[in-house]
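Per-entry structural report
Spelled out from the first residue to the last, the chains are:
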Amino acid sequence: MPLKINNHPYDLPGDPRVSLLDFIRREAGLTGTKKGCDHGQCGACTVIVNGKRINSCLTLAVMHDGDEVTTIEGLGTPTEPSALQQAFVEHDGYQCGYCTPGQICSATAMLDEIAAGMPSDATDDVSGAPTLTDEEIRERMSGNLCRCGAYPNIVAAIREVAGAAS
């Protein structure tokens, strides 16, 4: 089965050492996903694989045979952005923009996690549905770093979209 990126099939690379990040950028030509630290510490390379957010620099492309990968390009377009993409623009949830694709992919999957009732370390009552507080958002987004420090705006953008979804 081919690897699907944004609903387009791609043959797996012949070289089993190619990271999913490098495959997305080089083979698929989708450069929205960024290479930051290349060690899984910054979250700039975050993509969604089968509904779960992962750091694409930490996994090999050949490990995703038959998987569905969604990158920032698969969430919206410049003329029809996703709700989170639009909220990031409205709330200035970026400055240099380098981390933004990973932030938005992570936030998209995070909102799905919350909707599914998945708790985090910041969840007060793990037996019930998580309450979307700023602390909860910060904890869930802690794997995505922004060197510019746009965190309050990122949280505001996420809260706006989460509020519209409820």
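Analysis parameters
Residues numbered from 1 in each chain as written. Predicted model: local features only at pLDDT ≥ 70, side-chain atom pairs only at ≥ 80, totals over all residues. Heavy atoms only, no water. Domains from an automatic or database assignment. Contact = heavy atoms within 4.5 Å. Buried area = accessible area lost by both parts, 1.4 Å probe. Salt bridge = Lys/Arg side-chain N within 4 Å of Asp/Glu carboxyl O. Polar contact = N/O pair within 3.5 Å; in protein donor to acceptor, adjacent residues only side chain to side chain. Helix = DSSP H or I, 4+ residues; strand = E, 2+ residues; numbered from the N terminus. Buried < 20%, exposed > 50% of the residue type's maximum accessible area, 1.4 Å probe, protein only. Pairing = 2+ DSSP bridges. Axes fitted to C-alpha atoms, helices over the stretch in contact; angles between N-to-C directions. Parallel < 35°, antiparallel > 145°, perpendicular 65-115°, else oblique. Left-handed = near helix turned anticlockwise from the far one by under 90°. Nonpolar A, V, L, I, M, F, W, Y, C, P; charged D, E, K, R; others polar.

1. Examining the domain arrangement of the protein chain
- Here the protein chain is partitioned into domain 1 (3–75) and domain 2 (83–165).
- Opposite the 18 residues of domain 1 that make contact, domain 2 presents 17 residues.
- Contact between domain 1 and domain 2 buries roughly 1,400 Å² in total, counting both sides, with carbon and sulfur atoms accounting for 57%.
- Our count for the contact surface shared by domain 1 and domain 2 stands at one salt bridge.
- In this structure, Glu113 and Arg53 form a salt bridge, with 2.9 Å as the shortest nitrogen-oxygen distance.
- Scanning the region where domain 1 abuts domain 2 turns up nine residue pairs in polar contact (both at pLDDT 80 or more).
- Where the side of domain 1 that touches domain 2 is concerned, the elements lending two or more residues are β3 (46–49) and β4 (52–55).
- Element by element, the count of residues in the side of domain 1 that touches domain 2 is highest for β3, at three residues.

2. Here we look at the pattern of salt bridges
- Here the structure, examined in full by the defined rule, presents eight salt bridges.
- For Asp38, the salt bridge goes to Lys35, with nearest N and O atoms at 3.7 Å.
- Taking relative accessible area as the criterion, Asp38 reaches 36% and is therefore assigned partly exposed.

3. Points about unusual backbone geometry
- For Asn7, which is not glycine, the phi torsion reads 70° and is therefore positive.
- Turning to its location among the elements, Asn7 is positioned in the loop between β1 (3–5) and β2 (8–10).
- Overall, Asn7 belongs to the exposed group, its relative accessible area being 59%.
- One non-glycine residue, Asp92, lies in positive phi territory at about 50°.
- Checked against the element boundaries, Asp92 lands in the loop between α2 (83–90) and α3 (100–115).

4. Examining the pairing of β4
- Bridging between β3 and β4 involves four bridges; their strand directions are antiparallel. Bridge assignment links Val47 to a residue of β4, and that residue is Ile54.

5. Some details on the sheet that holds strand β5 (residues 68–70)
- The strand order across the open sheet formed by five strands is β2-β1-β5-β3-β4, and the pairing between neighbours is mixed. One side of each edge strand has no neighbouring strand; the edge strands of this open sheet are β2 and β4. Geometrically, the sheet is characterised by an average inter-axis angle of 35° between neighbouring strands, direction not taken into account.
- Judged from the two bridges that link them, β3 and β5 form a sheet pairing that is antiparallel. Its bridge partner lying in β5, Val49 is registered against Val69.
- Helix α1 (residues 20–27) contacts β1, β2, β3, β4 and β5 of the sheet and is inclined by roughly 65° relative to β1.
- Running at roughly 40° to β3, α3 makes contact with β3, β4 and β5 of the sheet.

6. Brief notes about the packing of α2 against α3
- Running from amino to carboxyl end, α2 crosses α3 at an angle of 125°, the nearest separation of the two axes being 10 Å. It follows that α2 is oblique to α3 by the angle criterion. Here the hand of the crossing between α2 and α3 comes out right-handed. Of α3, the residues touching α2 (which contributes Leu84, Gln85 and Phe88) are Thr100, Gln103, Ile104, Ala107, Thr108 and Leu111.
- Grouping the constituent residues of the contact of α2 with α3 by class yields five nonpolar, four polar and no charged.

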